[in-house]
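What follows is each chain in one-letter form.
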Amino acid sequence: MLIRNIKVPTGNISIMKGDKGQLEFLSLGDYGKEKNVKADFLGLGRDINGVPNGSTMPLEEKWVVTLSTQYGCSMNCKFCDVPKVGKGINATYDDLKNQIVEAMKIHPEVKATKRLNIHFARMGEPSFNPNVLAVTYDLRRIIRPFIGRSMVHPVFTTMLPRSNKGLLKALNEWTIDIKNDFFRGDAGLQLSINSTNDAQRDDMFNNNALSLNKVSSIGKGLIEPKGRKYTLNFALADEYEVNVEKIRDLFEPKKFLVKITPLHKTISCDENNIKTTNGYDYFTPYKYIEEELKKVGFDVIVFIPSYEEDLGRITCGNAILSGSIPGCSYEELI
């Protein structure tokens, strides 16, 4: 049951009553990759010097639903507001299913979409929660009463927690059984890296993420991906190291692509003075790194949100349940 629904320019931030408390999820439109993505390998070659606020594509073209896999999070990453909500207690299977159902019910007028992205990335570390894998097998069945046989594309994002003894098992099931087999390549895996300096990674992830060498070892053992390659995500900040030679030596370009984005604006980033200077206005922070990564063989995606998206609290690391409110125009529907 929805207990709060906030309409922001790009969609809805919703809070529902779950089996163990309150959960937060997103139902969003997308600007379209022509506006906020540079990826030469996809034919999107223009530098992005800022993304203007604007209208999203119709949900019939692309619909994005971002789910919470836990109530809060125990990773305590320095750039994220979700730990302010509380400890990472796993959401139940019904919690996950009901977030999807409630997201679909926000737009009963939409009967089909060309692409429904389901991101396990609002609150929590999904690799701790086996219900994420269980509900993913049922996604087509869950959405069918609302949008029929529309294409669904699930994405699993992980900080690679060192305390998770089931991490490798979860990643292997996602890549072998879910991505390559069940969805025939049409599912995503994103590994949050952010820096190639382990001391910086220990600091930003509060000593809770694996070392880069151990992440590399896991990556070498993953099956060759069908469809899009696995993603190494670098949310850049001014001081974070991105050593291209180290990335090349640790990860195979035939299995991994690199995504670059500014570290999003959160209360925690402000408190810890973490920022990507000019990252929303100029392509300068990304240009050199992108070119060097391409030289060593990587496909590179540069994704830049608009100010409206970031101030609207829809980007990664934000949570209304942490006490923040949108910094742009919004409307409380419930």
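All figures in this text were calculated on a predicted structure; none of them were measured in a lab.

Chemist: Just checking my understanding: could you explain the packing of aromatic side chains for this structure?
Modeler: To describe a pair of aromatic rings, you give the distance between the ring centres and the angle between the ring planes. Overall, the coordinates contain 9 aromatic pairs when judged by the stated rule. A ring pair is formed by Tyr137 and Phe182, whose centres lie 5.4 Å apart and whose planes are at 85 degrees; its orientation type is edge-to-face. Placement of the pair is Tyr137 in helix 3 (residues 130-137) and Phe182 in helix 5 (residues 167-182), with a sequence separation of 45 residues. In textbook terms, an aromatic cluster arises when at least three aromatic residues are bridged by ring pairs, as seen for Phe120, Phe156 and Trp174. Between the NZ or CZ atom of Arg140 and the centre of the ring of Phe183, over which it lies, the distance is 4.5 Å.

Chemist: Hey, could you run me through the sheet that holds strand 14 (residues 331-332) in this one?
Modeler: Two pairing modes exist for strands in a sheet, parallel and antiparallel, and in both the strands are linked by backbone hydrogen bonds. Pairing is mixed across the open sheet formed by 12 strands, whose spatial order is 4-13-12-11-10-9-8-5-3-2-1-14. The sheet is open, and its two edges are formed by strand 4 (37-38) and strand 14, each paired on a single side. Of the pairings in the sheet, the one linking strand 9 (residues 152-158) to strand 10 (residues 188-192) comprises 4 bridges and is parallel in character. Paired with Thr157 across the two strands is Gln190, which belongs to strand 10.

Chemist: What is the right way to look at helix 4 (residues 139-147) in this model?
Modeler: Note: α-helices contain 3.6 residues per turn, so residues at a spacing of three or four share the same orientation. When helix 4 is considered as a whole, its buried residues turn out to be Leu139, Ile142, Ile143 and Ile147. End-on view of helix 4: buried residues confined to an arc of 100 degrees, all on one side of the axis. The inward-facing, buried residues of helix 4 contact strand 5 (63-67), helix 2 (93-105), strand 8 (116-120), helix 3 and strand 9. One or two steps after helix 4, the chain reaches Gly148, where phi turns positive at roughly 60 degrees.

Chemist: Quick question: what am I supposed to make of the packing of helix 3 against helix 5 here?
Modeler: How two helices sit against one another is set out by the angle between their axes and by the gap between those axes. Packing of helix 3 against helix 5 brings their axes to within 11 Å, and their N-to-C directions diverge by 10 degrees. When the interaxial angle is binned, helix 3 and helix 5 end up roughly parallel. Where helix 3 approaches helix 5, its residues Leu133, Thr136 and Tyr137 are matched on the opposing element by Ala170, Glu173, Trp174, Asp177, Ile178 and Phe182. Looking at the contact of helix 3 with helix 5 residue by residue, the class counts come to 6 nonpolar, 1 polar and 2 charged.

Chemist: What is the right way to look at the pairing of strand 1 (residues 2-8) in this model?
Modeler: Regular strands show a simple pattern: their side chains alternate between the two faces of the sheet. Sheet topology places strand 1 next to strand 2 (residues 11-17); 6 bridges connect them, and they run antiparallel. Bridge pairing links Lys7 to Asn12 in strand 2. Where strand 1 and strand 14 come together, 2 bridges link them in antiparallel fashion. In the sheet register, Ile6 faces strand 14, and the bridge partner there is Glu332.

Cut-off values and rules
Residues numbered from 1 in each chain as written. Predicted model: local features only at pLDDT ≥ 70, side-chain atom pairs only at ≥ 80, totals over all residues. Heavy atoms only, no water. Phe/Tyr/Trp six-rings, centres within 6.5 Å; stacked < 30°, edge-to-face > 60°. Helix = DSSP H or I, 4+ residues; strand = E, 2+ residues; numbered from the N terminus. Lys NZ or Arg CZ within 6 Å of the ring centre and 35° of its normal. Pairing = 2+ DSSP bridges. Buried < 20%, exposed > 50% of the residue type's maximum accessible area, 1.4 Å probe, protein only. Arc of directions from axis to C-beta. Contact = heavy atoms within 4.5 Å. Axes fitted to C-alpha atoms, helices over the stretch in contact; angles between N-to-C directions. Parallel < 35°, antiparallel > 145°, perpendicular 65-115°, else oblique. Nonpolar A, V, L, I, M, F, W, Y, C, P; charged D, E, K, R; others polar.

Honestly, that's just the spatial picture; any functional story needs more than this.
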